[in-house]
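Below, each chain spelled out in residue letters.
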Amino acid sequence: SCFGCDGLVAKYEAQNDDYNKIMSQALADRFVEAFAEYVHREIRVNMWGYAKDETLNEEDLLKIKYDGIRPAPGYPSQPDHTEKVTMWESIKAEELAGIELSDSLSMMPAASVSALVFAHPQSQYFAVGQIGKDQVDDYAARKKYEISKMERWLSPILNYDRD
């Protein structure tokens, strides 16, 4: 998270300074993404140490030539944003890091990132395709969600029209 950015954005917004507002938001987003990349490298090379000899350049990093993945809620391999609630509760993200979730499960501060990290050398990014009603029904039952709530959260990947 990039703490302090929201206050800076509010200041520029109050001054009708769209340029500095947008630049502050963009820089904060880039800082947290760069830090996430750094932390992921630290996990691979030092903390978990499964890639101790990794020497990737920037181009290789962008091509994801490292072992392991770090999918994030809301992205193609993990389209269900509601899993952020499970993540937040498990690691006490709000209590320990001060990162809150809004009603729509956006992270606050806005310049924040979250992900799951998988170390297996054969793990690969993938996209969850369109899903059918039977899959939504099954998933909702396992999560103990009402069908309508589950459909709302998964609406971008439904292969049917919601009632």
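It should be noted that the structure appears before, not after, this text.
J.: I'm lost on the overall build of the protein in this one. Help?
T.: On a plain count of helices and strands, the protein comes out with seven helices and two strands. Helices and strands in the protein line up, N terminus first, as α-α-α-α-α-β-β-α-α. On the principal axes, the C-alpha backbone points of the protein span a range of 50 × 45 × 30 Å. In the protein, which comprises 163 residues, the share counted as buried stands at 33%. By sequence separation, contacts in the protein at least 24 residues apart represent 56% of the contacts at least 6 residues apart. Within the structure as shown, the protein displays about 10,700 Å² of accessible surface, and the carbon and sulfur contribution to it stands at 54%. Distance between charge centroids for the protein: 2 Å, based on 18 positive and 28 negative side chains.

J.: Just checking my understanding: could you explain the packing of helix 6 (residues 133-143) against helix 7 (residues 147-154) for this structure?
T.: The description of two helices packed together rests on the angle between their axes and the distance between the axes. At a minimum axis distance of 9 Å, the contact between helix 6 and helix 7 shows a crossing angle of 115 degrees. The angle between the axes of helix 6 and helix 7 places the two elements in the roughly perpendicular class. Viewed along their axes, helix 6 and helix 7 form a crossing whose handedness is right-handed. Counting all contacts with helix 6, which are made through Lys 133, Val 136, Asp 137, Tyr 139, Ala 140 and Lys 143, the residues of helix 7 involved are Ile 147, Met 150, Glu 151 and Leu 154. Looking at the contact of helix 6 with helix 7 residue by residue, the class counts come to six nonpolar, no polar and four charged.

J.: What am I meant to see in the pattern of salt bridges here?
T.: Side chains that carry opposite charge are capable of pairing whenever their charged atoms lie near each other. For the structure on display, the rule yields ten salt bridges. Notably, a salt bridge pairs Lys 21 with Glu 13, separated by 2.9 Å at the nearest N-O pair. On the basis of relative accessible area, Lys 21 is assigned to the buried category, the value being 18%. Salt-bridge contacts for Arg 44 lead to Glu 54; the nearest nitrogen and oxygen are separated by 2.8 Å.

J.: Honestly, the nonpolar core in this entry has me stumped. Any pointers?
T.: One broad rule of soluble globular proteins: the nonpolar side chains tend to lie buried together. Residues Leu 105, Ile 131, Val 136, Ala 140, Met 150, Trp 153, Leu 154, Ile 157, Leu 158 and Tyr 160 constitute the largest nonpolar core, which totals ten residues. Breaking this core down by element, the ones donating at least two residues are helix 6 and helix 7. Apart from residues lying up to four places away in sequence, Ile 131 is in contact with Val 136, Leu 154, Ile 157, Leu 158, Asn 159 and Tyr 160. In terms of nonpolar packing, the next biggest core, distinct from the first, is built from six residues, Cys 5, Val 9, Val 32 and Ala 111 among them.

J.: Looking at this structure, how should I read unusual backbone geometry?
T.: For residues that are not glycine, phi is negative in most cases, and the peptide bond is trans in most cases. Pro 109 follows Met 108 through a cis peptide bond whose omega is 10 degrees. Even without being a glycine, Lys 92 presents a positive backbone phi close to 55 degrees. Structurally, Lys 92 can be placed in the loop between helix 4 (83-91) and helix 5 (93-97). Despite not being glycine, Lys 144 shows a phi value in the positive range, around 60 degrees. Here Lys 144 shows up in the loop between helix 6 and helix 7. The class of Lys 144 is exposed, set by a relative accessible area of 74%.

Here is what the cut-offs are and how they apply
Residues numbered from 1 in each chain as written. Predicted model: local features only at pLDDT ≥ 70, side-chain atom pairs only at ≥ 80, totals over all residues. Heavy atoms only, no water. Helix = DSSP H or I, 4+ residues; strand = E, 2+ residues; numbered from the N terminus. Buried < 20%, exposed > 50% of the residue type's maximum accessible area, 1.4 Å probe, protein only. Contact = heavy atoms within 4.5 Å. Areas by Shrake-Rupley, 256 points an atom, 1.4 Å probe, with all protein chains shown as cover. Lys, Arg positive; Asp, Glu negative; His and termini not counted. Charge placed at Lys NZ, Arg CZ, Asp CG, Glu CD. Axes fitted to C-alpha atoms, helices over the stretch in contact; angles between N-to-C directions. Parallel < 35°, antiparallel > 145°, perpendicular 65-115°, else oblique. Left-handed = near helix turned anticlockwise from the far one by under 90°. Nonpolar A, V, L, I, M, F, W, Y, C, P; charged D, E, K, R; others polar. Salt bridge = Lys/Arg side-chain N within 4 Å of Asp/Glu carboxyl O. Core = buried A, V, L, I, M, F, W, Y, C linked by side-chain atoms within 4.5 Å.

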